[in-house]
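# Topology and contacts: notes
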Amino acid sequence: MRKLIILFILTSLAACVTVKDEPPIVINGAAGYNERVMLPEGSKITIAIIDLDTPGVIIAQKNFNVARAPIPFKFILPAKSIDDSVNYGVVALIKNQNRLLFQTYDRYQIINNGKFTVEILMKMVKG
């Protein structure tokens, strides 16, 4: 009888195991530029998390209107979507009427290097 009670308790405890999802990966940042210029009305920024080693691979992307810098941004990614072998980075650009005004030229690594907050500097596009 005692063995039966212990078996019942153990199976009851096993049924109580809960599996928690991993918390999401949150990337906070700000994008800006050093030039002292006003952005034309209707300018839009595109900020993306990319695979720095594989051209054209966009992990997440946001587009929105912008009037001035610095421009805060936030990405929330499912933890399951992160691969430890990928070299993640953030890039940004500002356009106005399909004309490129500013963009990043440097590599801004995140996530697998332990950085989850980033400030990115765009430079004015010449020409």
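Okay, so let's go over this structure. Treat the numbers as computed from the prediction; the structure is a model and nothing was measured.

## Considering unusual backbone geometry
For the bond from A69 to P70, the omega torsion is 5°, close enough to zero to count as cis. With respect to the element layout, P70 can be found in the loop between strand 3 (58-65) and strand 4 (71-77). One non-glycine residue, Q97, lies in the positive phi region at around 50°. With a phi angle near 70°, I111 is a residue other than glycine that sits in the positive phi range. Position of I111 relative to the elements: it lies in the loop between strand 6 (99-104) and strand 7 (117-124). By relative accessible area, which is 6% here, I111 ends up buried.

## With respect to the pairing of strand 5 (residues 88-96)
Both strand 2 (residues 44-51) and strand 5 contribute to a ladder of eight bridges, which runs antiparallel. Bridging across to strand 5, I49 finds its partner in V90.

## Some thoughts on the sheet that holds strand 1 (residues 25-33)
Ordered in space as 3-2-5-6-7-1-4, the seven strands form an open sheet in which the pairing is mixed. The two strands at the open ends of the sheet, each matched to only one other strand, are strand 3 and strand 4. Across the sheet, the axes of successive neighbouring strands diverge by a mean angle of 25°, strand direction being ignored. Relative to strand 6, strand 5 runs antiparallel, the two sharing four bridges. From the neighbouring strand, L93 faces strand 6, where its bridge partner is Q103.

## Concerning the pattern of salt bridges
In total, this model carries one salt bridge according to the counting rule given. R107 is the salt-bridge partner of D53, the closest N and O atoms lying 3.6 Å from each other. With a gap of 54 residues between them, D53 in the loop between strand 2 and strand 3 and R107 in the loop between strand 6 and strand 7 connect regions that are remote in the sequence. Residue D53 is classed as exposed on the basis of its relative accessible area of 51%.

Parameters and conventions
- Throughout, residues of each chain are indexed from 1 in the direction in which the sequence is written.
- Reporting of local features is limited, given that this is a predicted model, to residues whose pLDDT is at least 70; pairs of side-chain atoms are given and counted only at 80 or more, and all residues count toward the totals for whole chains, interfaces and linings.
- With hydrogens and water stripped out, all remaining heavy atoms of the structure feed into the side-chain values.
- Per the convention used, a helix needs a DSSP run of H or I reaching at least four residues, while a strand needs a run of E reaching at least two, with both numbered from the N terminus.
- Burial classification: accessible surface area is computed with a 1.4 Å probe over protein chains only, and a residue below 20% of its type maximum counts as buried, one above 50% as exposed, and the rest as partly exposed.
- One requirement defines pairing of two strands: DSSP has to find at least two bridges between them.
- Between N-to-C directions, angles cover 0 to 180 degrees, with each direction set by a line fitted to C-alpha atoms, over the stretch in contact for helices.
- One speaks of a salt bridge when a side-chain nitrogen belonging to Lys or Arg is within 4 Å of a carboxyl oxygen belonging to Asp or Glu.

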